[in-house]
Amino acid sequence: MSNDGENFAAFNSRALVEMVGDVTDEALKATKIKQFLGVLAGRYFNWAGRKSLFTLHLGIKCCAIEMAAAATPRFDGDRFGVLFRSSPRQSDVLLVNGPVSKKFADKIVRLWEQMPEPKYCIAMGECAISGGPYFQSYNILEGVDTVIPVDVYIPGCPPRPEALIDGFGLLREKIIRIGGAPSTGRDGEKPVIVGED
Amino acid sequence: MTHGLWTLRVKVDGETIVDTDAELGYIHRGVEKICEDRDFTQITPYCDRLCYVSAMTWANSYIYAAEDLLEAEVPERAEFIRLISAELQRLASHLMWLGAFGPDIGSLTLMTWCMRDREMFLDLLQELGGSRMHYNYPRIGGVKRDIPVGFATRMIAKIKLFERRIEEYEMLLDESTIWLVRLQGVGYTKAEDMVEAGVSGPNVRAAGVNYDVRWAHPYSVYDQVDWEPAVEKPTSVKGADCYDRYRVRMEEMRQSSKMILDAIEKIPGGKNTNYSAGDEMIMTKAPTRAPEGATGFSNYECTRGASQFYIKGGGEGRGKNPYRLSIRSPMFITIPYVAKTMIGYKIADIPAIMGSFDPCIGETDR
Amino acid sequence: MRVTHEQSDSAAKSCVAVLNERFSGSGIKSTVEHHSNAFKMPFVRIHAEPQHWLAIAKFMKYDLFVNYCSMVTGTHFPDGPAERGWEVAYHMMRMPVSNVKPNTNTIHVAEKLSGNDIPLEFEVLIALQQGDTPTVPSIQSIWVGADWNEKETWDLVGINFEGHENMHRVLNPHDSPEQFHPLQKQHKLRYHGHNEMYDDPQGFGRKPADEGRNK
């Protein structure tokens, strides 16, 4: 049996698939089609991703009410593709909209770590940027960027829903630049601040 | 999302809840400690951010305590403006509650409808205070600015439109079988149990007792406007269920509308005049220091219950800061009580019961 | 409609008379005070000693019909006199309430209330000695509403409530250091001499030692 198996090794399905795969890969690399397809697919995924940013449905404090208002008929974030998801495993954007207390700090880090790449973080409101009016408090972190890398800052207390939609627009422009870079590799990128033109 | 950030640990036996434990403190900001380092005027924005959905009522509540401490006089026109702003805020807050309660039960339509109507009142409050939320509007001794020109006309038009909208909501909800089945028979609470636990506000009024701080421990000019507390008649001997709590808030919205329409007609100085800021019609000069040993206390009907402030004077800056500022939040008392009410019901009843009590964690965690 | 001055005044005076008759001569002082705001409504203020507090509380609940304990405030006076290093202020409310029959409700008409039905505010001030362990008997068994109020006062100010079951941190994180009660005066605000709770300034990320812990 074993002798006969070796004779038919070339027609064993798994080995056949691997061989075909290797041959095709070499061919594509040689003709540069692979590189072309890679760029095309990357651009396509980038376009699809930034046009439908799934935001985690997390509301910490007052800015959450403005986030909710941005989803309601008057301001309507949904026409920009912004949809709220309940699970971090299904969302692209973590919108931090309130002060992060010591009790909540490692929970928000855990939420961030549960989100799959590529993921982005928006700090909305003064409390998430720098602690806000509670910067002197014994229980509040001075900004969420002490524990999570932040991409866009939206100042305001609370920022108007229009400012939040503008923040999403600036995040989309940033995604065009950085593509699908992982969140730990963006140290050189300057974070975007809404309102500074 | 719109109720707030807290944890409820539930022990279940199949689908039935056996025990609950509430965990708060995720947005504890230490406001009481921070306020020991601020002037009395600088504390007003912090009180706006306590319960962010009904900011004007909390700012008013603090201002009454500060006026008690500093022994300040308030002109009558300012009291009427405070009443109008507080009742507008009550309308906006109840609409936010309904807009969050609907999705809890499953009705996403309510979210869009209520937020659309809430925008009407946020525009009015923006004319008064300058921002959609967190107005920093009342001052010790009066209010910051007078009502703008044309404000009365716009407000009356919007409220008259809103009164028809309330009927639209009731038409949508009271004829919906899902709404009735999910709310009726769920979350029974009796009046005496609630009061002994310290619950107040619309939750107690749903159980058939018309306790309202606005007449029982009076403040401002509520005795000069035409209104009645909204009280429900619970249909069961076991007390009020979620449906009664929903109905009492709809009725409160009607009463608030009535109050505003009455107050704007009775305002001293007329509804179309606009006094400049600092004018004696809307603000009096108040002392800024409180000696040691002076205390101020206020009992105020916020949208969720009775909120109280207790301020001890004699802090730093020779009395410019308070020595101790203590805040009593109605929701801090209600949430553990509600956690115990849920025992015996099913898991699917948790959002209905929690939502019907209208929690706001901003004021709970301070 | 509102509760009038005469009603409140007479209710407060009768409560104070009953209290003084029952508890006179033991350092307990009950007075009728007035707020300083526009309405100047009266309320009852009681200065009490910690050893008599339980007796007063039971009297207030069963004989004066005080319904609920609304607010418990603890204050730290490190520079105060020897007998007032700490102070606990209780605010209680009395209001007329009773369970209603189905399909009815109770509408109180404010002007017609009388006797023990008139809503009233009570303020109890208990001064404690200077020291590190201020202790007050707990009224958790008397009023349900005092439960979480006392937890919060212990958590933030550090006043011990003797006889309180299941005392735990309610606003600060569960793993706050043992004697850390932020509202005591030796703890300062950030940028004013504050010592961070943890060893590294902003190290609130999840460390390997935190596996499985409930923070």
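Residues numbered from 1 in each chain as written. Chains lettered and ligands numbered in written order. Predicted model: local features only at pLDDT ≥ 70, side-chain atom pairs only at ≥ 80, totals over all residues.

Focus on the overall build of chain C
- Helix and strand content of chain C: three helices and seven strands.
- Traced from its N-terminal end to its C-terminal end, chain C shows the element sequence α-β-β-α-β-β-β-β-α-β.
- Residues counted as buried form 38% of the 215 residues belonging to chain C.
- Taking the intrachain contacts of chain C between residues at least 6 apart in sequence as the baseline, contacts between residues at least 24 apart amount to 64%. (Helix = DSSP H or I, 4+ residues; strand = E, 2+ residues; numbered from the N terminus. Buried ≥ 20, exposed ≤ 12 C-beta atoms within 10 Å, placed from the backbone. Contact = placed C-beta atoms within 7 Å.)

Observations concerning the overall build of chain B
- Looking only at helices and strands, chain B has 15 helices and seven strands in total.
- In terms of overall dimensions, chain B is globule-like: its C-alpha atoms have a radius of gyration of 20 Å, near the 21 Å expected for 366 residues.
- Oriented by its inertia axes, the alpha-carbon framework of chain B measures out at about 60 × 45 × 30 Å.
- A buried classification covers 64% of the 366 residues belonging to chain B.
- In chain B, 74% of the contacts between residues at least 6 apart in sequence involve partners at least 24 apart. (Rg over C-alpha atoms; globule rule 2.2 N^0.38 Å.)

What to know about the confidence of the model for chain C
Residues and elements named next belong to chain C.
- Looking at chain C, the pLDDT average stands at 81 and 89% of residues meet or exceed 70.
- Segment residues 198–203: pLDDT under 50, and four contacts once partners within four positions in sequence are set aside and those in other chains are kept.
- In the model output, the complex is listed with pTM 0.88 alongside ipTM 0.86. (pLDDT = per-residue confidence, 0-100.)

Quick notes on the interface of chain B and chain C
- Between chain B and chain C, the residue contacts involve 49 residues of the former and 43 residues of the latter.
- Mapped onto the side of chain B that touches chain C, the elements with two or more residues apiece are α1 (31–34), α3 (55–70), α8 (191–197), α10 (213–216), β5 (295–302), β6 (305–312), β7 (324–328) and α13 (330–341) of chain B.
- Here the side of chain B that touches chain C takes five residues from α8 of chain B, the largest share from any one element.
- Looking at the side of chain B that touches chain C residue by residue, the classes come out as 21 nonpolar, 12 polar and 16 charged. (Nonpolar A, V, L, I, M, F, W, Y, C, P; charged D, E, K, R; others polar.)

Some thoughts on the packing of helix α3 (residues 33–51) of chain A against helix α7 (residues 161–178) of chain A
Residue and element names in this part refer to chain A.
- Axis separation between α3 and α7 bottoms out at 10 Å; the angle between their running directions is 165°. Classified by the angle between their axes, α3 and α7 sit roughly antiparallel to one another. Considering how the two elements wind past one another, α3 and α7 form a crossing that is right-handed. Across the interface between the two elements, N46, G49 and R50 from α3 touch R172, I175 and I176 from α7. (Axes fitted to C-alpha atoms, helices over the stretch in contact; angles between N-to-C directions. Parallel < 35°, antiparallel > 145°, perpendicular 65-115°, else oblique. Left-handed = near helix turned anticlockwise from the far one by under 90°.)

Examining helix α5 (residues 108–129) of chain B
- Spanning 22 residues, α5 of chain B covers 30 Å between terminal C-alpha atoms, matching the ideal 32 Å at 1.5 Å per step.
- One or two residues past the end of α5 of chain B sits G130 of chain B, with phi positive at roughly 105°. (Expected span 1.5 Å × (residues − 1).)

Some remarks on the interface of chain B and chain A
- Listed as interface residues are 24 residues of chain B and, on the opposing side, 27 residues of chain A.
- Among the elements of the structure, α1, α2 (44–48) and α5 of chain B are those that each provide at least two residues to the side of chain B that touches chain A.
- For the side of chain B that touches chain A, the leading source of residues is α5 of chain B, giving four residues.

Comments concerning the environment of A110 of chain C
- Here A110 of chain C is to be found in the loop between β4 (86–94) and β5 (120–128).
- Note on A110 of chain C: 18 C-beta atoms within 10 Å, which makes it partly exposed.
- In this structure, the C-alpha to C-alpha distance between A110 of chain C and V3 of chain C, residues 107 residues apart in sequence, is 5.2 Å.
- For A110 of chain C, the residues in contact, after removing those within four places along its chain, are W215 of chain B together with M1, R2 and V3 of chain C.

A few points about the nonpolar core
- Counting 222 residues, the largest nonpolar core has V96, I122, A123 and M124 of chain A as its most contacted members.
- By residue number, the principal contributor to this core is helix α4 (residues 76–105) of chain B, which donates 16 residues.
- Excluding residues within four positions of it along the chain, I122 of chain A makes contact with V93, L95, D151, V152, I154, G167 and L171 of chain A. (Core = buried A, V, L, I, M, F, W, Y, C linked by C-beta atoms within 7 Å.)

Notes on unusual backbone geometry
- The amide bond that connects E117 of chain A to the next residue, P118 of chain A, takes the cis arrangement and shows omega of -10°.
- The residue P118 of chain A is located in the loop between α5 (102–114) and β4 (120–124) in this model.
- A cis amide bond, omega -10°, links C157 of chain A with the succeeding residue P158 of chain A.
- Its place among the elements puts P158 of chain A in the loop between β5 (152–154) and α7.
- The phi angle at E71 of chain B is positive, at roughly 55°, despite the residue not being glycine.
- Here E71 of chain B lies in the loop between α3 and α4.
- C-beta crowding within 10 Å serves as the criterion here: with 14 such atoms nearby, E71 of chain B is assigned to the partly exposed category.
- Phi is positive for S220 of chain B, which is not a glycine, with a value near 55°.
- Along the chain, S220 of chain B turns up in the loop between α10 and α11 (242–266).
- What makes S220 of chain B buried here is the crowd of 23 C-beta atoms within 10 Å.

A short note on the sheet that holds β4 of chain C
Residue and element names in this part refer to chain C.
- The strand order β1-β2-β5-β4-β3 describes an open sheet built from five strands, whose pairing is mixed. The open sheet is flanked by β1 (29–34) and β3 (68–76), the only strands paired with a single partner. Strand after strand, the sheet turns through a mean of 20° between neighbouring axes, direction not considered.
- Inspection of the sheet shows β4 paired to β5 by nine bridges, in the antiparallel sense. Paired with A89 across the strands is L125, a residue of β5.
- Contacting β2 (42–48), β4 and β5, helix α2 (residues 53–62) runs over the sheet at an angle of about 150° to β2. (Pairing = 2+ DSSP bridges.)

Regarding the sheet that holds β7 of chain B
Residue and element names in this part refer to chain B.
- As summarised here, the arrangement of the three strands in space is β5-β6-β7, forming an open sheet in which the pairing is antiparallel. The sheet terminates laterally at β5 and β7, the two strands that pair on one side only. Averaged over neighbouring strand pairs, the angle between their axes works out to 10° when direction is ignored.
- In terms of strand pairing, β5 meets β6 through eight bridges, oriented antiparallel. In the strand pairing of β6, C302 is matched with G305.
- This element, α3, spans β5 and β6 of the sheet and lies at about 155° to β5.

What about the pairing of β6 of chain B?
- The buried fraction of β6 of chain B is high, at eight of eight residues.
- Hairpin connection, β5 of chain B to β6 of chain B: the antiparallel pair is bridged by two residues.

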